[in-house]
Amino acid sequence: MKKIFVLLLALPIMALAQQKQSIEDAMKKMEELKKGMTPEQRAMLEKMGVEKTMQGVQKNMAQGNPSGAMMPLGDPNKIPATLSTLAIAPMPVGKEKLLAYLKPIFSETEKAIKPEHKKALAGLMNKGKQTGQSAMAFWANNELDKALYLLENACITNPDDYLSLNNLAALLTISGYAYKSLPLLLYTQKMLPQSATVTNNLGQAYLSLGNIEKAKPLLLSAIKKDSTNTEAYRSLALIAQQQGNNALCAGYLEKAIAHGGATTEAINLLSKIAPGKDLSEYIRNRFKRYYKDHSVTKRFVVPAIPASYEEAVSRNREVETYFKDFDATINATYKTQQELTKKYEGQVIDNQAKRMAQMQQVMVNAGKPGFSKSIQDMKASFSNPFIAQGAIMLASIDNPQFSKSYISRMKTETVNRLQNVEELKQALKIDFDNKISALEKEKKGLDDGEGKDAANARAMQIEKDLCKLKEGRQAKWLEKTAQINNQYIHNMEDLLNQRLQEYLFWNTIVMQSLQDPTAVNYAAYVGYLKGLRDLAYPLFPTHVDGGLSKPCGDFLKTDNTLKGKIHDWEREHCEVDFGVDLAVTGAKMNCEGWSVYANFEIGSVKYDRSVDPVTWQTTGHSLTVTPGVNAEFEIGKIGGSLSGAVETTVKFDGNMNFQDVNIKGTVGAELKGPLGGKAGASVNVGSVTVSANGGFNSAPPSISAPGFGSDFLK
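Here the residue index of a chain counts from 1 through its sequence in written order. Reporting of local features is limited, given that this is a predicted model, to residues whose pLDDT is at least 70; pairs of side-chain atoms are given and counted only at 80 or more, and all residues count toward the totals for whole chains, interfaces and linings. Here the side-chain values reflect all heavy atoms present in the structure, with hydrogen atoms and water set aside.

1. Here's the deal with the overall build of the protein chain
- Assigned secondary structure in the protein chain consists of 25 helices and nine strands.
- Restricting the contact set of the protein chain to residue pairs at least 6 apart, pairs at least 24 apart contribute 68%.
- In these tables, accessible area is a Shrake-Rupley quantity obtained with a 1.4 Å probe, and a residue counts as shielded only by the protein chains included in the view. Looking at the protein chain as shown, the accessible area adds up to about 33300 Å², and 52% of this sits on carbon and sulfur atoms. Every helix listed is a DSSP run of H or I at least four residues long, and every strand listed is a run of E at least two residues long, numbered separately from the N terminus. Contacts are assigned to residue pairs that have any heavy atoms within 4.5 Å of one another.

See the structure below:
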């Protein structure tokens, strides 16, 4: 199974290969792996179609032009080594100069954009600020040509729309055209000098051109204006790394991650320069409010440890019943876990085969025009925004090297308990043990026996005193150890409960991309039960070696008639249901899938896209248009004229084919996304700007536009 996964992980790398040799190397690697496979594994590989896919890629590469179809991708963790020599136009002075700068760009874009795209956007054009807001919905869907076209139009029809000017510049920068975005950003910064986002975007543009001298002070100014600017922190980290200051680099990366910038790139870079760094607390602080308390943690609550011999006798049946039930439940759940695991392994194979089929559909176009964009789209569809955080958390929860991991915190609790017990023993030694030892020594030295009345009387008194001291010692021991151990169990229960919640949450996120996480989560439940039972059982006085007895009295009798009952609970499938709201876009996730969305109020567009958790396919789109009075709209093939008294939701399938139109009679009705719940908090887009990060020109741009590149989104 592991060898199959190695191949699956290699495929995206193969897909993004820069040269034909990369495909040939991947084919050789596959042949090497096949030699060590069992017949079942080779059959699985054939079922997935890996070899067939790779052969198809190799064939298409031979027939096509690989250098044109497979563009090399820039390293997101690397600043260009040399300063760009691209010509940068001067900052426009006044609106007339700004329009003079924008109109030729828009004219070229208008010529190059697909006619059907231009027609689809006709109803959203020439509306000034509203056009710019509508552009962001298409940006959220990775339809960058439409977003570019609309933003350019918005800026021309309303040059005072500094939001759209900033967003247009950000789109140009992250698409690889920072030399075109700089005049716009310089103009916008002059109008909005206190904007941390615009300042950051200006720094990002200079950085992507390799100009660290100009970029660094701007990025420092951005974090001074906004201490949570993750993009600025990450870029400052890259500058520090390039300048050889790994400590400063790590510090900036930690701040970026702490403020929500836990991207794969940031995590990988921090792991490289500061291996072993514990990032879990940053991520935990942002997500712990979404953790669920599972019902099993309420069904098995450890009873209080008896604080006296008499209490132990009176509660013996209750305590023993608890542990009998515990053992019976653990045995039953372990069998269920084995059954679920077997089913799980079969699901892995089936779901990986589905994923391979998706990759085959993309790879069949390898070496042909448009292939690079299909690869970018596939990468975008893989961008579950929480996988990177999930991988960090699962690796950190029980890492003994991290002081805040659960294994370390539980070890600390154990050390504290043992220390308290040792202190109790020292106190008992002074109050009881030394006196007991002295009396036992005196008794041993007595010359008692027949006719020695005085010695015999003393021996009898010593026995009484010993019984009294031992009873007193036991009473004190049971009372104090009950306090120590009950507090210990309470603390450990809390840690075990939190640990279970964390495992369930992050298991669901990480495993969801493979299949139903029930089997993995169920194993976590079983581990929780075992951990709780193992920590509690030896702390009860009735379970000490030899059994509990009263000094100078009887042993507590064992009840062998008790039998445990199995406590079943539902196998909860979904341990995740939450959304994260960002400035303009956000994300939601539950066990039906995950989605990204853009939410634009004030008479504009709301957008939602849901993604199947296993296949990563887009399963549905929803665009909600809330127009002004008699405003027209046209999205795809749907057009119309609406009054301000209704809200219309235009629904599409995964291929953006029209499905239906729902009209609601109340203005401002909430959009219910494919996953349920509102698609994010209301956002006043007029005060929100998009913040760029990177866009380094170390590779051809991720989009091409007329006047900027040679291949405009074929």
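2. Things to note about the pattern of salt bridges
- Salt bridges are defined as contacts in which a side-chain nitrogen from Lys or Arg sits within 4 Å of a carboxyl oxygen from Asp or Glu. All chains considered together, the criterion is met by 17 salt bridges.
- Lys111 is the salt-bridge partner of Glu108, the closest N and O atoms lying 3.8 Å from each other. A residue pair is termed a helical-turn pair when its members lie 3 or 4 positions apart in one helix, as Glu108 and Lys111 do in helix H6 (residues 95-112) at three residues.
- Salt bridges here are not isolated pairs; linked through shared partners, they connect Glu281, Arg284 and Glu502.

3. Quick notes on the packing of helix H14 (residues 230-242) against helix H16 (residues 264-273)
- Note on method: axes are straight lines fitted to C-alpha atoms, helices fitted across the in-contact stretch only, with angles between N-to-C directions ranging 0 to 180 degrees. Axis separation between H14 and H16 bottoms out at 11 Å; the angle between their running directions is 30°. The two elements H14 and H16 cross, and the hand of that crossing is left-handed. The segment H14 lies against H16, with Arg234, Leu238 and Gln241 engaging Glu265, Ala266, Leu269 and Ile273. Take the far helix as the reference: if the near one is turned anticlockwise from it by less than a right angle, the crossing is left-handed, and if turned clockwise, right-handed.

4. What about the side chain of Asn507?
- With respect to the helices, strands and loops of the structure, Asn507 is situated in helix H24 (residues 453-512).
- Residue classification places Asn507 among the buried residues on the basis of a relative accessible area of 7%.
- Apart from the residues within four sequence positions on either side, Asn507 is in contact with Leu394, Gln512, Pro517, Val520, Asn521 and Ala524. Note on exposure labels: buried denotes an accessible area under 20% of the residue type's maximum, exposed denotes more than 50%, and partly exposed covers the range between, all computed with a 1.4 Å probe on protein chains only.

5. Focus on H14
- Take the residue count of a helix, subtract one, and multiply by 1.5 Å to get its expected span. If you check H14, its first and last C-alpha atoms are 19 Å apart, about what 13 residues at 1.5 Å a residue would give, namely 18 Å.
- Buried within H14 are the following residues: Thr230, Ala232, Tyr233, Arg234, Ser235, Leu236, Ala237, Leu238, Ile239 and Ala240.
- One or two positions beyond H14, positive phi appears at Gly244, with a value near 85°.

6. Focus on the nonpolar core
- By size, the foremost hydrophobic cluster in this structure holds 84 residues, and its most contacted members are Leu184, Phe287, Phe505 and Phe578.
- The biggest single contributor to this core is helix H9 (residues 144-157), with eight residues.
- Ignoring sequence-local partners within four residues, the contact set of Phe578 consists of Phe287, Tyr290, Phe386, Phe505, Ile509, Ala587, Lys588 and Met589.
- By size, the runner-up hydrophobic cluster in this structure holds 37 residues, among which are Ala519, Tyr522, Leu535 and Ala536. For this analysis, a nonpolar core means a set of buried residues of the types Ala, Val, Leu, Ile, Met, Phe, Trp, Tyr and Cys, connected via side-chain atoms within 4.5 Å.

7. Quick look at helix H11 (residues 178-191)
- Here H11 spans 20 Å end to end across 14 residues, near enough to the 20 Å set by a 1.5 Å rise per residue.
- When we look at burial in H11, the residues that qualify are Ala178, Tyr179, Ser181, Leu182, Pro183, Leu184, Leu185, Tyr187 and Thr188.
- Residues of H11 that are buried sit in contact with H6, helix H10 (162-174) and helix H12 (196-208).

8. A short note on the environment of Arg499
- By the element assignment, Arg499 lies in helix H24.
- Not counting residues within four places of it along the chain, the set of residues in contact with Arg499 comprises Ile397, Asp398, Tyr406 and Met410.

9. Thoughts on the packing of aromatic side chains
- Only Phe, Tyr and Trp rings are paired, with Trp represented by its six-membered ring, and only when their centres lie within 6.5 Å; those with planes under 30 degrees apart are stacked, over 60 edge-to-face, the remainder tilted. Inspection of every chain in the model, using the stated rule, returns 15 aromatic pairs.
- Ring plane angle 85° and centroid distance 5.1 Å describe the contact between Phe323 and Tyr537, whose orientation is recorded as edge-to-face. Of the two residues, Phe323 sits in helix H20 (residues 316-363) while Tyr537 sits in the loop between helix H25 (518-536) and strand E1 (577-581), which places them 214 residues apart along the sequence.
- For Tyr537, a relative accessible area of 27% translates into the label partly exposed.
- Judged by centre distance (5.3 Å) and plane angle (40°), the ring pair of Phe505 and Phe578 falls under tilted. With Phe505 in helix H24 and Phe578 in strand E1, this pair connects stretches of sequence that are 73 residues apart. Phe578 carries the same exposure label as Phe505, and that label is buried.
- Cluster of aromatic residues (ring-pair linked, three or more members): Phe287, Tyr290, Tyr291, Phe505, Trp506 and Phe578.
- Placement of a positive charge over a ring is assigned whenever Lys NZ or Arg CZ falls within 6 Å of the ring centre and within 35 degrees of the normal to the ring plane. For Arg417, the ring lying beneath its charged end belongs to Tyr488, and the centroid distance is 5.3 Å.

10. Considering unusual backbone geometry
- Even without being a glycine, Asn126 presents a positive backbone phi close to 60°.
- Locating Asn126 in the fold gives a position in the loop between helix H7 (115-120) and helix H8 (129-140).
- The exposed category is assigned to Asn126, whose relative accessible area is 56%.
- Unlike most non-glycine residues, Cys552 shows phi in positive territory, near 60°.

11. Quick look at the confidence of the model for the protein chain
- Residue-level confidence of the predictor, termed pLDDT, takes values from 0 up to 100. With 67% of its residues at a pLDDT of 70 or more, the protein chain shows a mean pLDDT of 75.
- Helix H5 (residues 66-69) is the least confidently modelled element of the protein chain, averaging 31 in pLDDT, while helix H13 (residues 212-225) averages 95, the highest of any element.
- Low pLDDT (under 50) marks residues 653-688, which in the prediction has 96 contacts with non-local residues, meaning those over four places away or in another chain.

12. Re the state of the cysteines
- By disulfide we mean two sulfur atoms from cysteines, separated by a distance within 2.5 Å. For the structure on display, the rule yields one disulfide.
- Two residues share a disulfide in this structure: Cys467 and Cys552, whose sulfurs sit 1.7 Å from each other. Where Cys467 bonds to Cys552 through sulfur, the torsion about that S-S bond is close to -95°, and the disulfide is left-handed. One end of the pair, Cys467, is in helix H24; the other, Cys552, is in the loop between H25 and E1, with 85 residues separating them in the sequence.
- Cys552 sits in the exposed class, given a relative accessible area of 54%.

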